[in-house]
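Working through the structure, step by step
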Amino acid sequence: GAVVSQHPSRVICKSGTSVKIECRSLDFQATTMFWYRQFPKQSLMLMATSNEGSKATYEQGVEKDKFLINHASLTLSTLTVTSAHPEDSSFYICSARKPGQNYGYTFGSGTRLTVV
Amino acid sequence: QKEVEQDPGPLSVPEGAIVSLNCTYSNSAFQYFMWYRQYSRKGPELLMYTYSSGNKEDGRFTAQVDKSSKYISLFIRDSQPSDSATYLCAMSSNSGYSTLTFGKGTMLLVSP
């Protein structure tokens, strides 16, 4: 199967600090990964598409300088929330698709970010 | 009108009941339809995938797509307490690296 690991699962940080979230594809190489944000009782909202070796593509309304994405290898993408504020508190989830799997995407287990 | 509409619930049923979950959509370009199950504080896991119209069955789960009505359904037979989760529908216009559009999710509670 396709396994996507996300770390950390939960993080609490102080307002103004930065937090890095890692997303790894464990048993396949992913040239593209996706980062989502989910508020309580809301749907998954796509934030950006992470492309290995090139710049990420951000969705409208997502600040690229605040949510830094790096996809330095075929198995790792990172999302850094810079100068975090309480309104950034949310559930962040990454996903990737295993090559040859023509449907669906495998999601990580998510990261619960709380900014205090 | 949102692209994908899904009743957030919660939907409460007794164990053994047949559950029907539904989504409607407005974009006629959608051709690939998925159902994900999400447990609390976890990432979504793919349950069912269908292409275009028709039915697909997998164990206790049946997915239906009616493109003429822009309506998709997920049926769960003999529901179990372990089925209690949020069910998200998702769809895309092609099978390549296109983005998925999700519904809000329906919370299902199956009581013993």
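Preceding this paragraph is the structure being described.
Remember, it's a predicted structure, so these values are computed and weren't measured experimentally.

Some points on the pattern of salt bridges
All names here are of chain B. Using the criterion set out here, one finds 5 salt bridges over all chains in the structure. With its nearest N and O atoms 3.2 Å apart, the salt bridge here joins E45 to R37. Judged by its relative accessible area of 32%, E45 falls in the partly exposed class. Linking E57 and R77 is a salt bridge whose minimum nitrogen-to-oxygen distance equals 3.4 Å. Placement of E57 in strand β6 (residues 54-58) and of R77 in the loop between β8 (71-76) and β9 (85-92) is noted, with a sequence separation of 20 residues between them. Given the relative accessible area of 58%, E57 is considered exposed.

A closer look at the environment of K56(B)
Residues and elements named next belong to chain B. Locating K56 in the fold gives a position in strand β6. Linking K56 and S20, residues 36 residues apart in sequence, is a C-alpha distance of 14 Å. Here K56 is in contact with M48, Y49, T50, F61, T62 and A63, once residues within four sequence places are set aside. Within the structure, the side chain of K56 is placed 3.0 Å from the backbone oxygen of Y49, a separation counted as a polar contact.

Side note on the environment of K55(A)
Within the secondary structure, K55(A) is located in the loop between β5 (44-51) and β6 (57-58). For the pair K55(A) and I69(A), spaced 14 residues apart in sequence, the C-alpha to C-alpha distance is 8.0 Å.

Digging into the packing of aromatic side chains
The description of two aromatic rings rests on the distance between their centres and on the angle between their planes. Across all of its chains, the model carries 11 aromatic pairs over all chains by this definition. Centroid distance Y36(A) to F102(B): 5.7 Å. Interplanar angle 90°. Geometry classified as edge-to-face. Taken as a pair, Y36(A) in strand β4 (residues 32-38) and F102(B) in strand β10 (residues 101-102) lie in two separate chains rather than in one. For F102(B), a relative accessible area of 7% translates into the label buried. Joined through ring pairs, the aromatic side chains of Y36(A), F107(A), Y36(B) and F102(B) make up one cluster.

Examining the interface of chain B and chain A
On the side of chain A, 24 residues touch chain B, which itself brings 19 residues to the contact. For the pairing of chain B and chain A, the buried interface totals around 1,800 Å² over both sides, and the portion due to carbon and sulfur atoms is 58%. Remark: the boundary between chain B and chain A carries 0 salt bridges. For the interface between chain B and chain A, the tally reads 5 residue pairs in polar contact (both at pLDDT 80 or more). Every element with two or more residues in the side of chain B that touches chain A is listed here: β4 (32-38) and β5 (45-51) of chain B. With 3 residues, the single largest contributor to the side of chain B that touches chain A is β4(B).

Examining the state of the cysteines
Residue and element names in this part refer to chain A. Counted according to the given criterion, the structure contains 2 disulfides over all chains. Residue pairing for C23: its cysteine sulfur links by disulfide to C94, the two sulfurs lying 2.0 Å apart. Its S-S torsion of about 80° marks the bond between C23 and C94 as right-handed, since a negative value means left-handed. In this pair, C23 sits in strand β3 (residues 19-25) while C94 sits in strand β9 (residues 90-96), placing the two residues 71 residues apart along the sequence. Comparing C23 with C94 shows no difference in burial state: the two are buried.

Parameters at a glance
- Position numbers for residues count from 1 along each chain, tracking the sequence in the order it is written.
- Each chain gets a letter, beginning with A, and each ligand a number, beginning with 1, in the order they are written.
- Side-chain atom pairs in this predicted model are given and counted only at pLDDT of 80 or more, local residue features only at pLDDT of at least 70, and totals for whole chains, interfaces and linings cover all residues.
- Side-chain calculation: all heavy atoms of the structure are included, whereas hydrogens and water are not.
- A pairing counts as a salt bridge when a side-chain nitrogen of Lys or Arg comes within 4 Å of a carboxyl oxygen of Asp or Glu.
- Each residue is assigned to one of three classes by its accessible area relative to the maximum for its type, calculated with a 1.4 Å probe on protein chains only: buried under 20%, partly exposed between the two thresholds, exposed over 50%.
- For the purposes of this entry, the term helix denotes a DSSP run of H or I that reaches at least four residues, the term strand denotes a run of E that reaches at least two, and both are numbered from the N terminus.
- Contacts between residues were defined by any pair of non-hydrogen atoms, one from each residue, lying within 4.5 Å.
- Each polar contact in these results corresponds to two N or O atoms within 3.5 Å; when the atoms are within protein, one needs to be able to donate a hydrogen and the other to accept it, and residues that are neighboring in sequence are counted only if both atoms are side-chain atoms.
- Between the rings of Phe, Tyr and Trp (Trp by its six-membered ring), a pair exists once the centres lie within 6.5 Å; its type follows the angle of the planes, with under 30 degrees stacked, over 60 edge-to-face, and the other angles tilted.
- Accessible area that two parts lose when put together, evaluated with a 1.4 Å probe and summed over both, is termed the buried area.
- Here, a disulfide means two cysteine sulfur atoms that sit within 2.5 Å of each other.

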